[in-house]
Amino acid sequence: MSPAPLLFETLSGAALTARLDTLAGLRTKVFGDWPYLYDSDPGYETRYLAVLAASPGALVVAASTAEGEAVGMATCQPGRESSASLRASWAAAGLDVDMLCYFGESVLLREYRGQGAGVRFFVEREAHARRLGLSIAAFCSVVRNENDPRRPRDYTPLDDFWRKRGYTPRPDISTVMHWREVGDTRETPHVLSFWIKQLS
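Attention in this report is confined to the structure presented alongside it.

Cut-offs applied
Every chain is numbered independently, its residues counted from 1 as its sequence is written. Whole-chain, interface and lining totals are the exception, using all residues; otherwise, since this is a predicted model, local features are given only for residues with pLDDT of at least 70 and side-chain atom pairs are given and counted only at 80 or more. Side-chain metrics rest on all non-hydrogen atoms present in the structure, leaving aside hydrogens and water. Numbering of helices and strands starts at the N terminus; helices are DSSP runs of H or I of at least 4 residues and strands are runs of E of at least 2. Taken over C-alpha atoms, the radius of gyration is set against a globule rule of 2.2 Å times the number of residues to the power 0.38. Burial classification: accessible surface area is computed with a 1.4 Å probe over protein chains only, and a residue below 20% of its type maximum counts as buried, one above 50% as exposed, and the rest as partly exposed. Contacts: residue pairs with any heavy atoms within 4.5 Å of one another. Counting rule for charge: Lys and Arg are taken as positive, Asp and Glu as negative, and neither His nor the chain ends is counted. Note on charges: their place is set at NZ of Lys, CZ of Arg, CG of Asp or CD of Glu. Joining through side-chain atoms within 4.5 Å is the link that ties buried Ala, Val, Leu, Ile, Met, Phe, Trp, Tyr and Cys residues into a set, and such a set is a nonpolar core. We define a salt bridge as a contact between a side-chain nitrogen of Lys or Arg and a carboxyl oxygen of Asp or Glu at a distance within 4 Å. Only residues whose relative accessible area exceeds 30% and that take part in no salt bridge are eligible for patches, with like-charged residues grouped when within 9 Å of each other and nonpolar side chains (Val, Leu, Ile, Met, Phe, Trp, Tyr) grouped when within 5 Å. Only the protein chains shown count as cover for residues, and the accessible areas themselves come from Shrake-Rupley with a 1.4 Å probe. Whether two strands pair depends on DSSP finding at least two bridges between them. The criterion for an aromatic pair is that two Phe, Tyr or Trp rings (for Trp, the six-membered ring) have centres within 6.5 Å, with stacked assigned to planes under 30 degrees apart, edge-to-face to planes over 60 apart and tilted to the rest. The rule for a charge over a ring is simple: NZ of Lys or CZ of Arg within 6 Å of the ring centre, and within 35 degrees of the ring normal.

### Overview of the overall build of the protein
Broken down by element type, the protein carries 6 helices and 8 strands. For 200 residues, the compact-globule estimate of 2.2 N^0.38 gives 16 Å, and the C-alpha radius of gyration of the protein, at 16 Å, lies within 12% of that figure. The principal-axis extent of the C-alpha atoms belonging to the protein is close to 50 × 40 × 35 Å. Per-residue burial for the protein yields a buried fraction of 45% across its 200 residues. For the protein, the share of sequence-separated contacts (at least 6 apart) that also reach a separation of at least 24 residues comes to 69%. One finds the centroid of the 23 positive side-chain charges in the protein at a distance of 3 Å from the centroid of its 24 negative side-chain charges.

Next up, the structure:
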């Protein structure tokens, strides 16, 4: 029997604020896995999403089951509303921050992957960027050593999927974010490199 199709909705402002705790829990679950190994704090995740909800141009695409269980989410916001460190990375690379839409994260519980949610997340966020008059979509992914012993044997990078969606890797554009990895006691720096797409 085929799984029931997922349901998608777009959230912003008050509608997003009403779902902060649920969506924060998703981030906590998914980012704990490879390649991020992010030992997150639910309280911090809720505050992070609250800041996003206050961003006038931000949008979250949420995925849920027919029973109402939240299983995935993807975020975006205009580059000019993003953090100063991100804006500095884009400006240093010669990108027009005022024309850029930053796709912050895309998380989906493992058991619901392969049902088209990843494609839908990109489609909805790109449509939002175009509605805002933005012509560049950008997201970043953590840079990991392929020989890292913590890398699961069955792990498949998403590079091919991102390329099929029209994104180009830009290892010359990067940023550094700090977080505590699972099993660690302190935050450490992590390099993330960008993928870029020109929106028609």
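### Things to note about the nonpolar core
Core analysis: the biggest nonpolar cluster contains 57 residues, and Leu-23, Trp-90, Phe-103, Tyr-167 and Phe-194 have the highest contact counts within it. The biggest single contributor to this core is strand 6 (residues 136-142), with 6 residues.

### Considerations on the side chain of Glu-124
Here Glu-124 shows up in helix 5 (residues 117-131). The residues touching Glu-124, leaving out its near neighbours within four places in the chain, are Thr-10, Leu-59 and Val-61.

### Remarks on the pattern of salt bridges
According to the stated counting rule, one finds 11 salt bridges in the structure shown. Measuring nitrogen to oxygen at the nearest pair gives 2.6 Å for the salt bridge that ties Arg-27 to Glu-105. Here Arg-27 is found in helix 2 (residues 20-30), whereas its partner Glu-105 is found in the loop between strand 4 (100-102) and strand 5 (106-108), with 78 residues between them in sequence. No difference in accessibility class separates Arg-27 from Glu-105, as the two residues are buried.

### Description of a nonpolar patch on the surface
Side chains of Val-143, Val-176 and Val-191 sit close together on the surface and give an oily, nonpolar patch of about 230 Å² of accessible area. Mapped onto the secondary structure, Val-191 falls in strand 8 (residues 187-198). In this structure Val-191 comes out as partly exposed when scored by relative accessible area, which is 41%.

### Overview of the pairing of strand 8
With 7 bridges connecting them, strand 6 and strand 8 associate as antiparallel partners. The residue of strand 8 that forms the bridge with Ala-137 is Lys-197. Between strand 7 (residues 168-180) and strand 8, which follow one another and run antiparallel, lie 6 residues, and Gly-183 among them has a positive phi close to 90°.

### Thoughts on the packing of aromatic side chains
How two aromatic rings sit relative to each other is given by the distance of their centres and the angle of their planes. Within the structure shown, the criterion is met by 17 aromatic pairs. Among the aromatic residues, ring-to-ring pairing joins Phe-103, Phe-122, Phe-139, Phe-161, Trp-162, Tyr-167 and Trp-195 into one connected group. Positioned over the ring face of Phe-122 is Arg-125, at 5.0 Å from the centre of the ring. Lying over the aromatic face of Trp-34, Arg-144 brings its terminal NZ or CZ to 5.4 Å of the ring centre.

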